[in-house]
Amino acid sequence: MHVRFDLKIAGRDVCVRLERLDDGFVAAWVDDRRIEASFAAVTKNVLYLTAGPGSQKVCLERTPEGTYVNVKGATWLVRDAHAADAGRPRRKGGAPLQREVTPPMPSVVVSVLVEEGQEVEQGQGVVVVSAMKMETTLYAPYAGVVKKIRCSAGEKVMPGTVLVEIERTGREQER
Amino acid sequence: MFDTILVANRGEIAVRIMATCREMGIRTVGVYSDVDRHALHVIEADRAVALGGSNPAETYLDIDKIIAAARAEGAQAIHPGYGFLAENAQFARRCEQEGIVFIGPPSDVIRDLGDKTLARRVMHAGGVPVIPGMMEPSSDIRELVQKAEEIGFPVMVKSAKGGGGKGMRVVETPQACAEACEAASRESMNAFGSADIYVEKYLRSPRHVEVQVLADASGKVLHLYERECSIQRRHQKIIEETPSPSLTPPVRRSICEAALAAARAAGYVNAGTVEFLLDEEGGFYFLEVNTRLQVEHPVTEMVTGVDIVRRQIEIAAGMPLDLDQDDIVQRGHAIECRIYAEDPMNSFMPCPGKVVFVQEPKGPGIRVDSCLYPGCTVPMEYDPILAKLVVHAETRDACIQRAMRALREFAVMGVLTPIPFLADVIASEAFRRGETTTDFVDDFIEGWTPDVSGADIVALAAAIHLSLSRERTVDGHVVHTPAEYSPWLSLKGFRP
């Protein structure tokens, strides 16, 4: 057999070509590196892999986002490289992320610090959110005028939801 | 002895308390919020009562609902765990009025010690050294700023009612003071229901050492030695150990004596913890008394062999301590690592979500207090503690090695955890040398990145797993899978 996996791991593309996979033995190319190892799948989620110096427990679980893999206490999300590229949200004009006022995690709005029509400076605090009892201030990504406030105190909000729309003024440099 | 105890808490601590109750043959009643309906503490409880709602204020902090649940289920006592109502004097008083035993100290002791500035005054009067700072609390921002200026920057802003790092801020400059006081006051209000805060001198690079005490209703007071809790982030402990590597035998003796004196001065009953800050010269300052079971109590249980929760229940039931100070010895060394749902690469920001898989470490000297199971949800409403890994070994060095092994065997997937970070802290030379101060994490995280050298093995394991789960037939034969069957497979490199 010879099956190829194009994977994305920690932002890196990794190509795995399995040459042999049977009787608890695997021979593969991982990019340019040849690895031969014995393995034992003890449960659906736990694999022991012996490659090189010693035996290594690996935990794995498949989810719609990809396969979670845990080695030595560290968790990795392994995705199909093609699906990962296709699924990534693209933004107009290739503007980098963090250009919108949106919470970094599911949160509750504590207070809104600005009003519609108000001018804001770049970096000015606009919304305070709280998650797991810790408060975080969300800042204006650029100078502008508050066009629309889309949240209110006490409301549950999710990452990706734009809480305050700011209309850019001046010629603030894209960073 | 009680036949039914209500555990007014959630998460790992509720599960841990229920374990001792089960050993003692006591029926447990759990309570839960809407988002916790599938939580482990609900599943573990003999009976579970829905509180309705999800915010802390309408659930685990709602005194009326908790009392009603205890009444409905016939609980004679309530164990509050830590956080929530654990140090709420009003709640303890209400229990006393309702004829339900509050498993903790009397309400007036909680009130006096929970008032951090009053506690400072009591200890000062009792000859225990306290950190220079305000002796009366305030919510008046202008007054607080003025006091801060008198004390001299840097200062620490603290909730007068709080604990656990909530509502706490270090302020370096006068300019940042007002904003920090406002935020601390608001956090204090949210977490503890009081906007009162106070300002004290900020000690640079201190160590945080605390002493566990047990006191029964007859006035017998014992200490269970110290815990070193200096490894903190956001003023919240993440690694604790005992014995403290920073105490010499004479300092250990005097700090434990000071803790006993503090407990006697306060008229303390039940389990409590006297916290101290230790400076480089071995001088120590009273910080506060925690009138509850501490998160890190298991390290003390490991080295002393005392089940602190069992003792709490016995004391609350009016039983005398059948132990003497000489019976309590420190045997070996214990380290606890707190596993939170948080991202060490992003200022330890909480990270709620669904745990898709978990496997806890096993083996000699390992204890895991946990609320995890595969598929459980970590809600955003509460403190994100998932589990505590506690290891015990003969010596500190052996304990460090054991902790490293256990952390590397601890698999939590689906939510981010600081497990790789904790393993690197424990493995560090500075930690091995016992150079643990409260600045440790800030210094260590600088320049720390997760080790990504294992990516090849991860990729290979993922490929094996994908192949096995997709390609194995019922009778165990490996077959080729059509490309369209799996978006994971690409036949670009396929050579028959």
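Please refer to the structure placed before this passage.
Residues numbered from 1 in each chain as written. Chains lettered and ligands numbered in written order. Predicted model: local features only at pLDDT ≥ 70, side-chain atom pairs only at ≥ 80, totals over all residues. Heavy atoms only, no water.

Caption draft 1: Quick look at the overall build of chain B. Assigned secondary structure in chain B consists of 16 helices and 22 strands. Whereas a compact globule of 496 residues would reach a radius of gyration of roughly 23 Å, chain B reaches 24 Å, a difference of no more than 12%. Structurally, chain B occupies a C-alpha span of about 85 × 55 × 45 Å along its principal axes. When burial is assessed residue by residue, chain B has 60% of its 496 residues classed as buried. (Helix = DSSP H or I, 4+ residues; strand = E, 2+ residues; numbered from the N terminus. Rg over C-alpha atoms; globule rule 2.2 N^0.38 Å. Buried < 20%, exposed > 50% of the residue type's maximum accessible area, 1.4 Å probe, protein only.)

Caption draft 2: Main features of unusual backbone geometry. A cis geometry characterises the amide bond from F153 of chain B onward to P154 of chain B, with omega recorded as 0°. Mapped onto the secondary structure, P154 of chain B falls in the loop between α7 (141–151) and β6 (155–159). Across the junction of T242 of chain B and P243 of chain B, the peptide omega takes the value -5°, indicating a cis bond. A positive phi angle is found at D31 of chain A, which is not glycine, with a value near 50°. Along the chain, D31 of chain A turns up in the loop between β3 (25–30) and β4 (33–41). The backbone of N270 of chain B shows a phi angle near 90°, a positive value even though the residue is not glycine. Structurally, N270 of chain B is set in strand β12 (residues 270–278).

Caption draft 3: Just the nonpolar core, in detail. One finds I239 and I426 of chain B to be the most contacted residues of the largest nonpolar core, which totals 101 residues. Each of two domains, domain 1 (4–103) and domain 3 (207–445) of chain B, supplies a minimum of three residues to this core. If we ignore the near neighbours within four places in the chain, the residues touching I426 of chain B are I239, I335, C337, I400, A403, M404, L407, F431 and R432 of chain B. Counting 34 residues, the second-largest nonpolar core is a separate cluster that includes L21, I35, A37 and L60 of chain A. (Core = buried A, V, L, I, M, F, W, Y, C linked by side-chain atoms within 4.5 Å. Domains from an automatic or database assignment. Contact = heavy atoms within 4.5 Å.)

Caption draft 4: The arrangement of the pattern of salt bridges in detail. Summed over the entire model, instances satisfying the criterion amount to 49 salt bridges over all chains. The shortest N-O distance in the salt bridge between K44 of chain A and E61 of chain A comes to 4.0 Å. Here K44 of chain A is found in the loop between β4 and β5 (46–51), whereas its partner E61 of chain A is found in strand β6 (residues 54–63), with 17 residues between them in sequence. One salt bridge connects E98 of chain B with R71 of chain B, and the closest N-O pair in it is separated by 3.1 Å. Taken as a pair, E98 of chain B in helix α4 (residues 89–98) and R71 of chain B in helix α3 (residues 63–73) lie far apart in primary sequence, 27 residues in all. A single salt-bridge network, built from bridges that share partners, covers E210, R227, K237, E240, E275, E296, E336 and R338 of chain B. (Salt bridge = Lys/Arg side-chain N within 4 Å of Asp/Glu carboxyl O.)

Caption draft 5: Expanded view of the pairing of strand β7 (residues 66–71) of chain A. All names here are of chain A. Burial analysis of β7 places six of its six residues in the buried class, the great majority of the element. Bridge analysis of β6 against β7 gives six bridges, and the strand direction is antiparallel. Within β7, the position partnered with C59 by the bridge is N70. As consecutive antiparallel partners, β6 and β7 are separated by two residues. Counting the residues in the hairpin turn of β7 and strand β8 (residues 74–80) gives two residues, including K72, whose phi is positive at 50°. (Pairing = 2+ DSSP bridges.)

Caption draft 6: Representation of the pairing of β12 of chain B. Residues and elements named next belong to chain B. Here β12 lies mainly inside the structure; nine of its nine residues are buried. The pairing of strand β9 (residues 207–215) with β12 spans nine bridges and is antiparallel. Bridged to A215 within β12 is N270. Of the strand pairs in this sheet, β12 and strand β13 (residues 284–290) are connected by six bridges, and their pairing is antiparallel. Bridge assignment links F276 to a residue of β13, and that residue is F286. Here β12 folds back onto β13 in antiparallel fashion, the turn holding five residues, of which G282 has a positive phi close to 90°.

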